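Listed here are the chains, written in short residue letters.
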Amino acid sequence: MSDDAIPAHPHPIEYNDAKRRLKAIFMGSVGNLVEWYDFYAYTAFALYFAPHFFPSSDPVVQQLNAATLFAAGFIVRPIGGWLFGHLADRYGRRLSLTVSVVLMCFGSLIIAVTPTYASIGFAAPALLAFARIVEGLSLGGEYGASATYLTEVADPEHRGFYSSFQYVTLIGGQLTAILVLLLLQNVFLTHEQLVAWGWRIPFVIGAALAIIAMLMRRHMHETESFEALKGKKRESSIRGLLRYPREVAIVVGLTAGGTAAFYTFTTYMQTFVKQTVGLNDLTTTYVIAGSLIFAAALQPIYGAISDRIGRKPMLIFFGVAGTLLTVPILTALAGTKSPWIAFLLISGAWVFVAGYTSINAVVKAELFPTSIRATGVAVPYALTVSIFGGTAPAIALWFKTLGHEQWFYYYLAGVIFLSLLVYTTMRDTKHSSAMHRHD
């Protein structure tokens, strides 16, 4: 056989390229997991530390106060989105991702060492609020930079699949927090020890993991898309964002229903299953962990499907199913006392919620050119999450204190319906992408 009949080194080139992409995605995803672990440790252990910071005889009021501070962490996310989006678009995705995880480490350490209300009075919840604000700033920038990085390092035919790992690791962060909770509950500590001081341990672990993630991110390679911008004149991030009002509006519209559903079936479910369904702490943890494992497994499957059929059909599936099934699922969940049925109902919700979570990062990244991509993804997303996502647990608990918890079910279905209107009118970004544009 002649030499020119054999392609020149096809397999090593393809293998090395795939290895490089996978390594970049792994390092970006691990950092994302650590950031979200730190953030979700607050929710996973709120049942234990809330009495130390919000003294009250009513556990629902304690959880409402904790949920309000959870929402406070979201209020500053648009600022973090702008700050770290600007950093990512001007100085590189790698630098932005590295700085954001350092900030998360700082927030975790504050929670770990803050004295209780009995020791320092009002200063205790004030310090807790400050720590949540620091973490909110970090996460506000993490999402946009991470979504941009994962999308840019993926090859064009598999962007949906690769970018879906943002939510695999995002959910993985919550799973890791729950795993730490299970180990402390069942292996290392008694209930009394966990309530007294053991709730501080996960925040110490989170700070240590953030340092490891920071060291890993320092060795990430920069994306080719950002490298293509070097030497070109840049405008301010906000001015650049104002040139894309339609894309910004699309990000807001497609995010509203998805983020409300996501935080309902992740963050709020722990409280809902314990207080409304009436399961004990350990059973609640198992139910939530099982549903999150199922949810994480769905993300790359749905992402790969979107690479075949497009992004728009997946979003419409979520919008239609979410509008029609949210109220029946939550109503049935509130009425059951079986942990198995609770698990099946929450997992059933994830069958359609994953239609949004698996691809929302790539859809947003595909809307904007490279020069404004991280800011375009981060700022409108963070603003929408602050309004509809971070407030979901507080709104649900507020309705519960009024004696009308079921009102929240209709609220959630209504927000998803509003997003469905956007899904049906927007273009399919898989077939009309701005990823090739670097202006």
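Description of the structure in this document. Note that the coordinates shown come from a computational prediction; the quantities given were computed from them, not determined experimentally. (Residues numbered from 1 in each chain as written. Predicted model: local features only at pLDDT ≥ 70, side-chain atom pairs only at ≥ 80, totals over all residues. Heavy atoms only, no water.)

1. Topic: the overall build of the chain
Here is step 1 of the chain: Helix and strand counts for the chain come out as 21 helices and 0 strands.
Here is step 2 of the chain: Counting over 439 residues, the chain shows a buried share of 59%.
Here is step 3 of the chain: Taking all contacts inside the chain whose residues are at least 6 apart in sequence as the whole, residues at least 24 apart take part in 86%.
Here is step 4 of the chain: Here the chain has roughly 16,900 Å² of accessible surface; of this, 70% comes from carbon and sulfur atoms. (Helix = DSSP H or I, 4+ residues; strand = E, 2+ residues; numbered from the N terminus. Buried < 20%, exposed > 50% of the residue type's maximum accessible area, 1.4 Å probe, protein only. Contact = heavy atoms within 4.5 Å. Areas by Shrake-Rupley, 256 points an atom, 1.4 Å probe, with all protein chains shown as cover.)

2. Quick look at the side chain of aspartate 428
Here is step 1 of the chain: Relative to the helices and strands, aspartate 428 is located in the segment after helix 21 (406-425).
Here is step 2 of the chain: Among buried Asp, Glu, Lys and Arg side chains, aspartate 428 stands out as unpaired, with arginine 311 the closest opposite charge at 5.2 Å.
Here is step 3 of the chain: Among the polar contacts made by the side chain of aspartate 428, one reaches the main-chain amide nitrogen of arginine 311 at a distance of 3.1 Å.
Here is step 4 of the chain: Ignoring any residue separated from it by four or fewer positions in sequence, one finds aspartate 428 in contact with Ile309, Gly310, Arg311, Lys312 and Pro313. (Lys, Arg positive; Asp, Glu negative; His and termini not counted. Salt bridge = Lys/Arg side-chain N within 4 Å of Asp/Glu carboxyl O. Polar contact = N/O pair within 3.5 Å; in protein donor to acceptor, adjacent residues only side chain to side chain.)

3. As for the nonpolar core
Grouped burial of nonpolar side chains is what soluble globular proteins tend to show.
Here is step 1 of the chain: Counting 80 residues, the largest nonpolar core has Met269, Leu333 and Trp350 as the members making the most contacts within it.
Here is step 2 of the chain: If you tally residues by element for this core, the top one is helix 14 (residues 245-277), at 14 residues.
Here is step 3 of the chain: Those residues in contact with tryptophan 350, other than ones at most four positions away along the chain, are Ile171, Phe262, Phe265, Thr266, Ser291, Leu292, Phe294, Ala295, Leu298, Gln299 and Thr357.
Here is step 4 of the chain: Within the second largest apolar cluster, 25 residues are counted, among which are Phe45, Ala131, Ala177 and Leu189. (Core = buried A, V, L, I, M, F, W, Y, C linked by side-chain atoms within 4.5 Å.)

4. Things to note about helix 16 (residues 312-335)
Here is step 1 of the chain: Its 24 residues give helix 16 an end-to-end C-alpha distance of 34 Å, which sits within 8% of 34 Å, the value for a rise of 1.5 Å per residue.
Here is step 2 of the chain: Helix geometry: helix 16 is bent most strongly at leucine 325, by close to 50°, with proline proline 328 lying one to four residues after it.
Here is step 3 of the chain: Within helix 16, burial applies to Met314, Leu315, Phe318, Gly319, Ala321, Gly322, Thr326, Val327, Ile329, Leu330 and Leu333.
Here is step 4 of the chain: Those residues of helix 16 that are buried are in contact with helix 14, helix 15 (281-309), helix 17 (339-357), helix 18 (360-365) and helix 21. (Expected span 1.5 Å × (residues − 1). Bend = angle between axes of the 7 residues up to and from the residue.)

5. Points about the packing of helix 14 against helix 15
Here is step 1 of the chain: The interhelical angle for the contact between helix 14 and helix 15, taken along N-to-C directions, is 145°, at an axis separation of 9 Å. In this structure, helix 14 meets helix 15 at a crossing whose hand is right-handed. Contact residues: helix 14 offers Thr266, Met269, Gln270, Val273 and Lys274, while helix 15 offers Asp281, Thr284, Thr285, Ile288 and Leu292.
Here is step 2 of the chain: Counted by class, the contact of helix 14 with helix 15 contains 4 nonpolar, 4 polar and 2 charged residues. (Axes fitted to C-alpha atoms, helices over the stretch in contact; angles between N-to-C directions. Left-handed = near helix turned anticlockwise from the far one by under 90°. Nonpolar A, V, L, I, M, F, W, Y, C, P; charged D, E, K, R; others polar.)

6. What to know about the packing of helix 7 (residues 123-153) against helix 19 (residues 373-389)
Between two packed helices, both the angle of their axes relative to each other and the distance between the axes serve to describe the pair.
Here is step 1 of the chain: As a packed pair, helix 7 and helix 19 sit with axes 8 Å apart at the nearest point and diverge in direction by 140°. Judged by the angle between their axes, helix 7 and helix 19 are oblique. At the point where helix 7 passes helix 19, the crossing takes the right-handed sense. Residue-level inspection shows Gly140, Tyr143, Gly144, Ala147, Thr148 and Glu152 of helix 7 in contact with helix 19, the latter providing Arg373, Ala374, Val377, Ala378 and Tyr381. (Parallel < 35°, antiparallel > 145°, perpendicular 65-115°, else oblique.)

7. Re a nonpolar patch on the surface
Here is step 1 of the chain: Side chains of Ile79, Trp82, Leu83, Ile238 and Leu242 sit close together on the surface and give an oily, nonpolar patch of about 500 Å² of accessible area.
Here is step 2 of the chain: Looking at the nonpolar patch, the elements with two or more residues in it are helix 4 (77-91) and helix 13 (237-242).
Here is step 3 of the chain: Ranked by residues supplied to the nonpolar patch, first place goes to helix 4 with 3 residues.
Here is step 4 of the chain: Looking at the element boundaries, tryptophan 82 is found in helix 4.
Here is step 5 of the chain: Residue tryptophan 82 is classed as partly exposed on the basis of its relative accessible area of 38%. (Patch = residues over 30% accessible without salt bridge, like charges linked within 9 Å, V, L, I, M, F, W, Y side chains within 5 Å.)

8. Notes on the environment of glycine 390
Here is step 1 of the chain: Mapped onto the elements, glycine 390 comes out in the loop between helix 19 and helix 20 (392-401).
Here is step 2 of the chain: The sequence separation of glycine 390 and threonine 259 amounts to 131 residues, and the corresponding C-alpha distance is 8.4 Å.

9. A few points about the packing of aromatic side chains
Here is step 1 of the chain: All told, the structure shown has 15 aromatic pairs when counted by the stated rule.
Here is step 2 of the chain: A centroid spacing of 6.2 Å and a plane angle of 55° characterise the contact between phenylalanine 318 and tyrosine 423, whose relative ring orientation is tilted. Residue phenylalanine 318 is located in helix 16, and its partner tyrosine 423 is located in helix 21; the two are separated by 105 residues in the primary sequence.
Here is step 3 of the chain: The buried category is assigned to tyrosine 423, whose relative accessible area is 0%.
Here is step 4 of the chain: Among the aromatic side chains, those forming a connected cluster through ring pairs are Tyr268, Phe272, Phe408, Tyr409 and Tyr411. (Phe/Tyr/Trp six-rings, centres within 6.5 Å; stacked < 30°, edge-to-face > 60°.)

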